[in-house]
Amino acid sequence: MSVEHSSYLFLVPLFFLVAFLYSSVGHGGASAYLAIFALFGITGPHIAPIVLTLNIIVACISFISFRFKGHFSAKLLLPFVITSIPLAYIGALVKINKELFNLILGIALILASIRVFMPSALKQPSWLRSTLAIYAFCLIAGGILGFLAGLIGIGGGVFLSPLILLFGLANAKSTAGISSAFIVLNSVSGLIGHFTAGYLLHPMLILLALVVLGGGIAGSFLGSRKIPESLLRKLLAVVLMVAGFKLLLTLTI
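Residues numbered from 1 in each chain as written. Predicted model: local features only at pLDDT ≥ 70, side-chain atom pairs only at ≥ 80, totals over all residues. Heavy atoms only, no water.

**Concerning the nonpolar core**
Side chains of a nonpolar character, in soluble globular proteins, are inclined to be buried together.
Then, number 1: F15, Y33, F37, L54 and F80 are the most contacted members of the largest nonpolar core, which totals 48 residues.
Then, number 2: Top element by residues in this core is helix α6 (residues 131-152). It accounts for seven residues.
Then, number 3: If sequence neighbours within four positions are ignored, F37 has contacts with F15, I42, I47, I50, V51, M204 and L208. (Core = buried A, V, L, I, M, F, W, Y, C linked by side-chain atoms within 4.5 Å. Buried < 20%, exposed > 50% of the residue type's maximum accessible area, 1.4 Å probe, protein only. Helix = DSSP H or I, 4+ residues; strand = E, 2+ residues; numbered from the N terminus. Contact = heavy atoms within 4.5 Å.)

**A word on a nonpolar patch on the surface**
Then, number 1: Together, I206, L210, L213 and I217 line one region of the surface with nonpolar side chains, adding up to about 400 Å² of accessible area.
Then, number 2: By the element assignment, L210 lies in helix α9 (residues 204-226). (Patch = residues over 30% accessible without salt bridge, like charges linked within 9 Å, V, L, I, M, F, W, Y side chains within 5 Å. Areas by Shrake-Rupley, 256 points an atom, 1.4 Å probe, with all protein chains shown as cover. Salt bridge = Lys/Arg side-chain N within 4 Å of Asp/Glu carboxyl O.)

**Notes on the environment of R129**
Then, number 1: With respect to the secondary-structure elements, R129 resides in the loop between α5 (98-116) and α6.
Then, number 2: With a relative accessible area of 57%, R129 lands in the exposed category.
Then, number 3: When the C-alpha atoms of R129 and L169 are compared, they prove to be 9.3 Å apart, with 40 residues separating the residues in sequence.

**Observations concerning the packing of helix α4 (residues 74-93) against helix α8 (residues 172-196)**
Then, number 1: In the contact formed by α4 and α8, the axes pass within 8 Å of each other and the chain directions differ by 25 degrees. As the angle between them shows, α4 and α8 are arranged roughly parallel. For α4 against α8, the interelement crossing comes out right-handed. Here L76, L77, F80, V81, S84, I85, A88, Y89, A92 and L93 of α4 lie close against α8, whose contacting residues are I178, A181, F182, L185, N186, S189, G190, I192, G193, H194 and T196.
Then, number 2: In terms of residue class, the contact of α4 with α8 is made up of 14 nonpolar, seven polar and no charged. (Axes fitted to C-alpha atoms, helices over the stretch in contact; angles between N-to-C directions. Parallel < 35°, antiparallel > 145°, perpendicular 65-115°, else oblique. Left-handed = near helix turned anticlockwise from the far one by under 90°. Nonpolar A, V, L, I, M, F, W, Y, C, P; charged D, E, K, R; others polar.)

**A closer look at α8**
Then, number 1: Between the first and last C-alpha of α8 there are 35 Å, a value that for 25 residues agrees with the 36 Å anticipated at 1.5 Å per step.
Then, number 2: A large share of α8 lies buried, amounting to 20 of its 25 residues.
Then, number 3: Capping the start of α8, N171 holds a side-chain oxygen 3.3 Å from the backbone nitrogen of K173, two or three residues further along. (Expected span 1.5 Å × (residues − 1). Polar contact = N/O pair within 3.5 Å; in protein donor to acceptor, adjacent residues only side chain to side chain.)

**Side note on the packing of helix α7 (residues 157-166) against α8**
Then, number 1: Where α7 contacts α8, the axes come no closer than 9 Å and their chain directions differ by 150 degrees. Regarding the angle of α7 to α8, the classification is roughly antiparallel. Judged by the twist between their axes, the crossing of α7 over α8 is right-handed. Together, G157, L160, S161, I164 and L165 of α7 and A172, T175, I178, S179, F182 and I183 of α8 make up the contact between the two elements.
Then, number 2: The class makeup of the residues in the contact of α7 with α8 is seven nonpolar, four polar and no charged.

**Describing the environment of N186**
Then, number 1: For N186, the location among the structural elements is in helix α8.
Then, number 2: With 41 residues separating them in the primary sequence, N186 and L145 have C-alpha atoms 9.5 Å apart.
Then, number 3: When sequence neighbours within four positions are dropped, the list of residues in contact with N186 reads S84, I85, A88, G146 and G155.
Then, number 4: A polar side-chain atom of N186 sits 2.9 Å from a polar atom in the side chain of S84.

In structure tokens:
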């Protein structure tokens, strides 16, 4: 992978902004990092370990901030990660057609963002009100989301957040805390899978890690303390829509 010096100057502010925005809603920013790399012509399987590492850094910061403010439920997280962690590892070992998957993913994220804007969609359905039903739902959903996350090299929070909100399992800030923990665990599992497949980290990671560290600290502080509940939900919808359009744009490159 070769990147000209001028490209670094564009990557630094872009990655800082992504880390700031995504950490404010409990995400790591992997989908946006992938899109930015692609827009600058930096592509290939070797990108995934970089993205996952950055994802872990930002999501860890988000988790600490939201957890410290009490916006987290280990009870709700557990059934999701029981199945997502092993399947994220498996997904990282599978080779797929990235263009087709990015097309499907981009459309799905845009549709999810539209639904999150609709308050009526945030009510918990009647069939999901028993503990057993919720546990079974989370186990199945966690496995699916973990496998998808491993396939494309992300943490899966961009899938999990709208799912939790749409089915009324938690409010926006608790969703951010749960999603950030989900992202860290799946990203670590996926990263191990990529290392097993023989991919190594690139020196570019040092610079980008420092950049997203700063953005993540600033964004997670505002998200967990300053941003109102309703605004956080709308911000999440915007993040999902932007990620969706970014992925669709990369298909033309």
